[in-house]
Amino acid sequence: MASTTTAGTQRTHSFLDKTKARELRVGVIGLGYVGLPLTLLFSEQKFRVTGFDVDQRKVDTLAAGGSYIYRILPEEISAAKAAGFSATTDYARLSDVDAIIICVPTPLNEHHEPDLSYIENTAKAIAPNLRAGQLVVLESTTYPGTTEEILIPILEKGNKLGLKAARLGVPGENTFYVAFSPEREDPGNTSVARRDIPKVIGGLEPLATQYAGALYNSIFNRVVPVSSPAAAEMTKLLENIYRCVNIALVNELKLLCLRMGIDIFEVIHAASTKPFGFQPFYPGPGLGGHCIPIDPFYLSWKAKEFDFHTRFIELAGEVNLSMPYHVVSTVAQALNKRKQALNGSKVLVLGLAYKKDIDDLRESPSLTIIELLQKDGAAVSYNDPFFPTVGRGRKYDLQMTSTLLSKIEEFDCVLIVTDHSSYDYKDIVNRAKLVVDSRNATQGIQADNVVRC
């Protein structure tokens, strides 16, 4: 036992000392909207990072010093490469790193149930390449219990050396360390530096939390340890369910205010002047992004295992899911008042991204709205400065090309779904036959051809 304890102590000092000296080698799996920015943070702090992705096109782009994310410049990729960053599809190289951070998607399937296939397949790819003393951190948003119930069993079963995840009261040299640390990316947010976003960490046991804390503390200004991976997983869900519920509230109030002839945005602005007890949330055409539209369903699905029905959360999800249908209904009504049917009308959708000034399509309400308009017989086109073309994704197959704004006069209706800053809304209103605004982008513009929804 003494030799085992000594070996464990030496390993602890080695991990912490290597982290402090920036000699720890970091592997990031999933080089998307979460993984690539995280990679750059580590590279900026002089860590040698290896990025892993199954998409060869991403790997090739990064190898050439390019970027496929709008807000990340090629110069940042070149700087990371100069600091030792490289990208690969070869998961065998995981054995060369000391810390493995998983940043893969966790979408919903067609039944709004968790799709953990990306986590499961990633764990299966990691397992054969695990070695003793490595730290494995899951960042992908998921339900409480995923780290311990899904990730760890696959890692333990699939590795070649019989390694086990370090747990309380289980000393030994043949162990690896596991933690969950939820990503807190907010695409398009330029008001808060990534380093200033506190990092929540829940290790399987204290040493895992200490390792992960030391690692993340080197790139974030504050680390917040919690008692377990499940507590960290629930923290992430709470953050986004809080937003989902409040957005559902203002979405429902917007529908009422429209009937009552009240401007909901004026009301929210006035309520925001209260210096306590109120935080503004804003209505829109539906939820988008990698978390808010998904997280409530993850928790509701898991709650059923405990004979618990999350009625409040599910109701919020229903309200938000209904908003694209409300937008399409408003377009149909607006056209009808002009003695024109939606069926056969030409509709130009402004904005595909799920929110303004980003190049992110994940769960975007625009995609649903386009498909609903097409089902009702409309001839739909779109414009988005961030997407010259849009093809096929997990839940859509549009195969469309962005239409020039110079053709606005040709359309029966212009529908504002994403309020990009580059749009000249006064010019759009002046030139369009009909404008349906789902984002309050035309606030302050008084015109008979504008319908707000």
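What you see is a predicted model; the values in this text were computed from it and never measured.

Asks: Would you mind going over the nonpolar core in detail, with residue names and values included?
Replies: One finds Val26, Leu38, Phe42, Ile101, Leu135, Leu215 and Tyr216 to be the most contacted residues of the largest nonpolar core, which totals 39 residues. Looking at this core, the elements that each hand over two or more residues are strand 1 (25-29), helix 2 (35-44), helix 3 (56-63), helix 4 (74-82), strand 4 (99-102), strand 5 (135-138), strand 7 (175-180) and helix 7 (206-217). With six residues, the single largest contributor to this core is helix 7. In contact with Leu215, not counting residues within four places along its chain, are Thr19, Leu24, Val26, Phe42, Phe47, Ala99, Ile101 and Leu135. Ala127, Leu138, Ile294 and Tyr298 belong to the second-largest nonpolar core, a separate cluster that totals 34 residues.

Asks: If you had to explain the pattern of salt bridges to someone new, which residues and values would you point to?
Replies: By the definition in use, this model includes 17 salt bridges. The partner of Lys18 in a salt bridge is Asp98, with the nearest N and O atoms 3.2 Å apart. Taken together, the positions of Lys18 in helix 1 (residues 2-20) and Asp98 in the loop between strand 3 (86-88) and strand 4 put the pair 80 residues apart, joining distant regions of the chain. The shortest N-O distance in the salt bridge between Glu185 and Arg194 comes to 3.0 Å. Each of the salt bridges in this network shares a partner with another, and the network as a whole consists of Lys18, Arg25, Asp98 and Arg131.

Asks: How would you explain a nonpolar patch on the surface if you had to name every residue and give the values?
Replies: Residues Leu249, Leu253, Leu256, Met260, Ile262 and Val267 make up a contiguous nonpolar surface patch of about 500 Å² in total accessible area. Counting residues per element, the nonpolar patch draws most heavily on helix 8 (residues 229-260), at four residues. If you trace the backbone, Leu256 turns up in helix 8.

Conventions we followed
Residues numbered from 1 in each chain as written. Predicted model: local features only at pLDDT ≥ 70, side-chain atom pairs only at ≥ 80, totals over all residues. Heavy atoms only, no water. Core = buried A, V, L, I, M, F, W, Y, C linked by side-chain atoms within 4.5 Å. Buried < 20%, exposed > 50% of the residue type's maximum accessible area, 1.4 Å probe, protein only. Helix = DSSP H or I, 4+ residues; strand = E, 2+ residues; numbered from the N terminus. Contact = heavy atoms within 4.5 Å. Salt bridge = Lys/Arg side-chain N within 4 Å of Asp/Glu carboxyl O. Patch = residues over 30% accessible without salt bridge, like charges linked within 9 Å, V, L, I, M, F, W, Y side chains within 5 Å. Areas by Shrake-Rupley, 256 points an atom, 1.4 Å probe, with all protein chains shown as cover.

It is worth stressing that arrangement in space is one thing and function is another; only the former is reported here.
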